[in-house]
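Coordinate inspection notes
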Amino acid sequence: IPWTEEFSPKQLDQILTKSNARSGNGVFLSKEDDPIFAYAFRRYIGPGRNAVLYILSLEHEYVFRITNIGTSVTRDGQKIGLIRDNGVFFDTKNDEVARLQALPAQSINKIFIGQEEVAKIALPDAIAHKGLEVTKLDLSPLEQETVQTLAVYDLVHHLSNATD
């Protein structure tokens, strides 16, 4: 079904760990248990950071390539930016677009555009009714795409780093 912020933080998933890699795939569901987006990831164990997250929704295909430099973000086959380790998302011109702020004690992360909080993400281990809560009224189309991109990245990245 089309993207909606009314998706549940619960998902159907399968995660496998082998000697040199951790991989998984799954689907995040709506409150009515309809699929919102599917994901797959592979994280290689070893020195340095080396992982790929693939996410497919009805509207977009995302590829996040994680290295020591940061996370390269591709949407619909076009590179759109880089997420640094500190959670700041830069566009291809190296201008800051948004940032993720982690609040691990609450199992939520926040998305800021400029200095304004625009959304909260309930991580999969959170007790929440919604996976994403948009806190800003009247998001522009660019802000909506930024929130979607960071939300799907953050949720799947959290799962790929979770311990068994």
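Remember, predicted model here, so these are calculated numbers, not experimental data. Residue positions within a chain follow its written sequence, with the count starting from 1. Since the coordinates come from a predicted model, pLDDT governs what is reported: local features require at least 70, and pairs of side-chain atoms require 80 or more to be given and counted, while whole-chain, interface and lining totals use all residues. Excluded from the side-chain calculation are hydrogens and water; included are all heavy atoms of the structure.

Buriedness for pockets is judged along seven lines, at least five of which must meet protein on both sides within 12 Å for an open set on the 1 Å grid over protein atoms alone, while cavities are sets there where a 1.4 Å probe fits but cannot get out, and lining residues have an atom within 4 Å of a point. Grid points are joined across faces, edges and corners, and a volume is the space filled by probe spheres set on the points. Roughly 320 Å³ of internal volume is contained in the largest pocket. Forming the walls of the largest pocket are 20 residues, and the residues nearest its centre are Leu 100, Ala 102, Asn 109, Asp 154 and His 157. Helix and strand assignments come from DSSP, with helices taken as H or I runs of at least 4 residues and strands as E runs of at least 2, each series counted from the N terminus. Where the lining of the largest pocket is concerned, the elements lending two or more residues are β9 (96-103) and α1 (141-161). In terms of residue class, the lining of the largest pocket is built from 7 nonpolar, 8 polar and 5 charged. In this structure, the second largest pocket spans a volume of roughly 200 Å³. Considering the residues around the second largest pocket, the lining is formed by Arg 75, Lys 79, Ile 80, Phe 89, Asp 91, Thr 92, Lys 93, Val 97, Leu 142, Glu 145, Thr 146 and Thr 149. Mapped by element, the contributors of at least two residues to the lining of the second largest pocket are β7 (78-83), β8 (88-91) and α1. A breakdown of the residues in the lining of the second largest pocket according to their chemical character gives 4 nonpolar, 3 polar and 5 charged. Only Asp, Glu, Lys and Arg are considered charged in this grouping, and only Ala, Val, Leu, Ile, Met, Phe, Trp, Tyr, Cys and Pro are considered nonpolar; every other residue, Gly among them, is considered polar.

Here we come to the environment of Lys 130. Of note, Lys 130 is situated in the loop between β11 (116-122) and β12 (132-134). Residue class for Lys 130 comes out partly exposed when judged on its relative accessible area of 27%. As a C-alpha pair, Lys 130 and Lys 31 span 99 residues in sequence and 7.9 Å in three-dimensional space. Relative accessibility thresholds used throughout: buried, under 20% of the residue-type maximum; exposed, over 50%; partly exposed, between the two (1.4 Å probe, protein chains only).

Here we take up the environment of Arg 84. The topology assignment puts Arg 84 in the loop between β7 and β8. Between the C-alpha atom of Arg 84 and that of Ile 66, which follows or precedes it by 18 residues, the distance is 9.6 Å. Here Ile 69 takes part through its backbone oxygen, which lies 3.0 Å from a polar atom of the side chain of Arg 84. Here a polar contact is taken to be a pair of N or O atoms separated by no more than 3.5 Å, where protein atoms must pair a possible hydrogen donor with a possible acceptor and residues adjacent in sequence count only if both atoms sit in side chains.

What follows is about the pairing of β11. Note: two strands are recorded as paired if DSSP finds a minimum of 2 bridges between them. Here strand β10 (residues 108-113) pairs with β11 via 6 bridges, running antiparallel. Note that in β11 the partner of Asn 109 across the bridge is Ile 121. Once β10 ends, the chain turns through 2 residues before running back antiparallel as β11, passing Gly 114 with a positive phi of about 65°. The pairing of β11 with β12 spans 3 bridges and is classified as antiparallel. In the sheet register, Lys 120 faces β12, and the bridge partner there is Glu 133.

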